[in-house]
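Residues per chain are reported as follows:
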Amino acid sequence: MTPYPTQPAGSDGAEAPGGGEGGGPGRVRVLVVEDDPVAADAHRTYVERVPGFTVVGVAHSGAEAQRALERFPVDLLLLDLYLPDGHGLQLARSLRAAGHRADVIAVTSARDLAVVREGVSLGVVQYVLKPFTFATLRDRLVRYAQFRTAAGEASGQAEVDRALGALRTPQPAVLPKGLSAPTLERVTQALRESPEGLTAAAAGEEVGISRITARRYLEHLVTSGRAVRSPQYGTVGRPELRYRWQ
């Protein structure tokens, strides 16, 4: 079993995980590289919820990521492209030059296809556009795991195509009837950006939809384990439900 790094968080940059199942045999060891501490914590939580993956560290800059890679083995970088000390692809380029073979999933708001093409040549196997849900990242990680475990000699072109297809052709998450992915993303973002949580009425006003519609999306987030709800008691009438990101 690969041990977690034991150096205290903040001593040289990258934070070591504070628990979890560890990097057991067959588990994909992930380094989260994200300068926003809130987003980094969310990404780390998402990864740890996917069977077969473990977070071995969190870095908030390119320099911290490089130091982390020198300290412990990493199979996959969950890499933000906008870092305080340079572009994420520059980090990927320097890692390749240094002989690091870890794959990269880029997590970014960048939509420049020239950047996407450059990333492919540097080992970026997937792009996940911000903001995203747990289901979106889980789909990419599961497909990456399928691609990673492909072994042996292909019997022909079809088998090669299937191996690459597992990586390149993600299946959209199935939503309950009447819910749309773009609206779910907006509700998710509004909830994540509200530390105190939101009522259905507040979420609807924030996103521009009705209270009843907002409640359907919020209940879907609760059902899928991404949010929790609790009653908010006022001075008059029935208590109102408040939803918080989990």
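Look a little higher up for the structure.
In this text the structure is predicted, and so the values were computed from the model without any measurement. Residue numbering note: each chain is counted from 1, following its sequence as written. Reporting of local features is limited, given that this is a predicted model, to residues whose pLDDT is at least 70; pairs of side-chain atoms are given and counted only at 80 or more, and all residues count toward the totals for whole chains, interfaces and linings. The side-chain values count all of the structure's non-hydrogen atoms but skip hydrogen atoms and water molecules.

### Comments concerning the environment of Pro239
Step number 1: Structurally, Pro239 can be placed in the loop between β9 (227-232) and β10 (240-245).
Step number 2: Residue class for Pro239 comes out partly exposed when judged on its relative accessible area of 41%.
Step number 3: Dropping the residues within four chain positions of it, Pro239 is found in contact with Pro231, Gln232 and Tyr233. Helix and strand definitions follow DSSP, with helices as H or I runs of at least four residues and strands as E runs of at least two, each counted in order from the N terminus. Only protein chains enter the area calculation, which uses a 1.4 Å probe; residues under 20% of their type maximum are buried, those over 50% are exposed, and those in between are partly exposed. Two residues qualify as a contact provided that any one of their heavy atoms is within 4.5 Å of a heavy atom in the partner residue.

### Here we look at the environment of Arg215
Step number 1: Structurally, the position occupied by Arg215 is in helix α9 (residues 211-223).
Step number 2: Along the primary structure Arg215 and Gly204 are separated by 11 residues, whereas in three dimensions their C-alpha atoms are 8.1 Å apart.

### Let's talk about the pattern of salt bridges
Step number 1: The term salt bridge refers to a side-chain nitrogen of Lys or Arg lying within 4 Å of a carboxyl oxygen of Asp or Glu. Per the counting criterion, the structure on display carries 6 salt bridges.
Step number 2: With a closest N to O distance of 2.9 Å, Glu34 and Lys130 form a salt bridge. Pair noted here: Glu34 is in the loop between β1 (28-33) and α1 (37-48) and Lys130 is in the loop between β7 (124-129) and α5 (134-149), with a separation of 96 residues, a long-range link.
Step number 3: A salt bridge links Asp139 to Arg140; the nearest nitrogen and oxygen atoms lie 3.5 Å apart. Here Asp139 matches Arg140 in class, with each residue buried.
Step number 4: Within the structure, one salt-bridge network assembled from shared partners comprises Glu34, Asp80 and Lys130.

### Some points on the sheet that holds strand β8 (residues 198-199)
Step number 1: Spatially, β8-β10-β9 is the arrangement adopted by the 3 strands of the open sheet, whose pairing is antiparallel. Lying at the two open borders of the sheet, with one neighbouring strand each, are β8 and β9.
Step number 2: Sheet topology note: the β9/β10 ladder contains 6 bridges and is antiparallel. Paired with Val228 across the two strands is Arg244, which belongs to β10.
Step number 3: With axes taken as lines fitted to C-alpha atoms, and helix axes fitted only over the stretch in contact, angles between N-to-C directions fall between 0 and 180 degrees. The sheet strands contacting α9 are β8, β9 and β10, and the helix crosses β10 at an angle near 55 degrees. Pairs of strands are assigned from DSSP output, requiring at least two bridges between the strands.

### Description of α1
Step number 1: Here α1 contains 12 residues, and its C-alpha end-to-end distance of 16 Å stays within 8% of the 16 Å for a straight helix at 1.5 Å per residue.
Step number 2: Those residues of α1 lying buried are Ala39, Ala40, Ala42, His43, Arg44, Tyr46 and Val47.
Step number 3: One side-chain oxygen of the residue at the start of α1 lies 3.0 Å from the amide nitrogen of Val38, identifying that residue as Asp36. A helix is expected to span 1.5 Å multiplied by its residue count minus one. For this analysis, a polar contact is any N or O atom pair within 3.5 Å, provided that within protein one partner can donate a hydrogen and the other can accept it, and provided that sequence-adjacent residues contribute only side-chain to side-chain pairs.

### Some thoughts on the pairing of β1
Step number 1: The element β1 is extensively covered by neighbouring structure, given that 6 of its 6 residues are classed as buried.
Step number 2: Taken together, the 6 bridges between β1 and strand β2 (residues 53-59) define a ladder with parallel strand orientation. Each residue of the ladder has a partner; that of Val30, found in β2, is Val55.
Step number 3: Note on handedness: a clockwise path from strand one over the helix to strand two, with the strands aimed away from the viewer, defines a right-handed crossover. For the crossover that starts at β1, traverses α1 and ends in the parallel β2, the hand is right-handed.
Step number 4: Alignment of β1 against strand β3 (residues 76-80), held across 4 bridges, turns out to be parallel. Bridge pairing in β3 links Val33 to Leu79.

### Observations concerning the pairing of β3
Step number 1: Buried residues dominate β3, accounting for 5 of its 5 residues.
Step number 2: Covered by surrounding structure in β3 are Leu76, Leu78 and Asp80 together with Leu77 and Leu79, the residues of both alternating faces.
Step number 3: Taken together, the 5 bridges between β3 and strand β6 (residues 103-108) define a ladder with parallel strand orientation. Looking at the pairing, Leu76 lines up with Asp103 of β6.

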